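Residue-level listing of the chains:
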Amino acid sequence: EAGVAQSPRYKIIEKRQSVAFWCNPISGHATLYWYQQILGQGPKLLIQFQNNGVVDDSQLPKDRFSAERLKGVDSTLKIQPAKLEDSAVYLCASSLDAGSFYEQYFGPGTRLTVT
Amino acid sequence: EDQVTQSPEALRLQEGESSSLNCSYTVSGLRGLFWYRQDPGKGPEFLFTLYSAGEEKEKERLKATLTKKESFLHITAPKPEDSATYLCAVRRVQGAQKLVFGQGTRLTINP
C-alpha cells in the first residue's frame, strides 16, 4: 500500500515570497491533516479536512496561510507571504476517518527554509 | 488548554540498557494517548494508542502504559536501531479532535 506522498521535499525561499506544498493521501482516506513541526518541537495541527470540508483550522494563520483539498483527495498548502518564523517541516497525514480509532499516517514532510 | 510534556528531552543509553520515557498530560477528558516514533528526515510513525488508565500495549522491545496523569514508554534491552525521537500526543473527548503533541524525547542507543 502506497503511503502519504508529499512534494517538494525541500524548499528554500526568501521572506515575503510565496510557496506551495502538495500532498497525496493514502487512497480511500477521508481525513487529511497538515501539521507544522518547528525544529525541536512536536507537530502542531494547522488544518484538518474531512473529505472536501474543513473540520478544524483554528491554528492556521489565515492572513498568510491557505489550504484546499481538491475533490476530497489531493491537498495543497500555501504560504503568502512567507516570514522567517515559517521555517519548519510541513507534514501531511491522512486517516481512514476522523476519530481516535483511526491511525494517522504521516508523509515524509517538506522542509521549508525562509531566508 | 491541553498540554503534553515529555521528559527527558534527550536520553543516551548503551545497547541493552533498559529505561523509560515519560509523557505527562493535562487534558479535559482523554479520548486517547498516542505514541509515535520519528526518524530524522521522516514523518512520525504510529506505535500505540492507549485509551484508559491501566491499559498496556507491547511491540517488540517497547511497552506503553497509561495512568490518569501520565504515560510511560518502557524500552527493554534496546538496540541501536531503536534510536529515534519518540513523540507522545493526546486527543480529547469533546470539542476539537486534533492531536496535541509533546516536544518529544530524542533517544540514542550506543552499540
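Everything that follows concerns the structure shown earlier in this document.
What you see is a predicted model; the values in this text were computed from it and never measured. Starting from 1, residues in each chain are numbered consecutively following that chain's sequence as written. Both sets of labels track the order of writing: A upward for chains, 1 upward for ligands. Local features in this predicted model are restricted to residues of pLDDT 70 or higher, and side-chain atom pairs are both shown and tallied only at a pLDDT of 80 or more, whereas totals for entire chains, interfaces and linings draw on every residue. Note that the side-chain values use all heavy atoms of the structure and ignore hydrogens as well as water.

Caption draft 1: Looking closely at the sheet that holds strand 7 (residues 65–69) of chain A. Residues and elements named next belong to chain A. Only strands joined by at least two bridges in the DSSP assignment are considered to pair. A helix here means a DSSP run of H or I that spans at least four residues, while a strand means a run of E at least two residues long, and both kinds are numbered starting from the N terminus. Strand order across the open sheet formed by four strands is 1-3-8-7, with antiparallel pairing between neighbours. Because the sheet does not close on itself, it has two edges, and the strands there are strand 1 (5–7) and strand 7. The mean angle between the axes of side-by-side strands here comes to 15°, regardless of whether they run parallel or antiparallel. Direction of pairing for strand 3 (residues 19–24) relative to strand 8 (residues 75–79): antiparallel, over a ladder of five bridges. Bridge assignment links Trp22 to a residue of strand 8, and that residue is Thr76. Axes here refer to lines fitted to C-alpha atoms; in helices the fit is confined to the stretch in contact. Angles between the N-to-C directions go from 0 to 180 degrees.

Caption draft 2: Structural context of the side chain of A:Gln48. Residues and elements named next belong to chain A. The topology assignment puts Gln48 in strand 5 (residues 44–50). Note on exposure labels: buried denotes an accessible area under 20% of the residue type's maximum, exposed denotes more than 50%, and partly exposed covers the range between, all computed with a 1.4 Å probe on protein chains only. Relative accessible area serves as the criterion here: at 1%, Gln48 is assigned to the buried category. The contact partners of Gln48, leaving out residues within four places of it in the chain, are Thr31, Leu32, Tyr33, Gly53, Val54, Val55, Asp56 and Ala98. Two residues qualify as a contact provided that any one of their heavy atoms is within 4.5 Å of a heavy atom in the partner residue.

Caption draft 3: Structural detail: the environment of A:Ala88. Residue and element names in this part refer to chain A. When you line up the elements, Ala88 lands in strand 9 (residues 88–95). On the basis of relative accessibility, which here comes to 7%, the residue Ala88 falls in the buried class. With residues up to four places along the chain from it excluded, the contact list for Ala88 reads Gln36, Gln37, Ile38, Thr110, Arg111 and Leu112.

Caption draft 4: Highlighting the side chain of B:Gln6. With respect to the helices and strands, B:Gln6 occurs in strand 1 (residues 3–7). N or O atoms closer than or at 3.5 Å make up a polar contact, with two conditions inside protein: a donor-capable atom paired with an acceptor-capable one, and, for residues adjacent in sequence, both atoms drawn from side chains. Here the side chain of B:Gln6 touches B:Gly104 through a polar contact of 3.0 Å, landing on its backbone nitrogen.

Caption draft 5: Fine view of the interface of chain B and chain A. In this complex, chain B contributes 21 residues to the contact, which on the side of chain A involves 21 residues. The quantity reported as buried area is the accessible area (1.4 Å probe) lost by two parts once they are put together, taken as the sum for both. On the chain B side of the contact with chain A, B:Arg91, B:Lys98 and B:Phe101 bury the most area, a combined 29% of that side's loss. Here, a salt bridge means any Lys or Arg side-chain nitrogen found within 4 Å of an Asp or Glu carboxyl oxygen. If you look at where chain B meets chain A, you find zero salt bridges. If you look at where chain B meets chain A, you find two residue pairs in polar contact (both at pLDDT 80 or more). Those elements giving two or more residues to the side of chain B that touches chain A turn out to be strand 4 (30–38), strand 5 (45–50) and strand 9 (84–92) of chain B. If you tally residues by element for the side of chain B that touches chain A, the top one is strand 4 of chain B, at five residues. Grouping the amino acids of the side of chain B that touches chain A by side-chain chemistry returns nine nonpolar, eight polar and four charged. Basically, the charged four are Asp, Glu, Lys and Arg, the nonpolar ten are Ala, Val, Leu, Ile, Met, Phe, Trp, Tyr, Cys and Pro, and anything else, Gly included, counts as polar.

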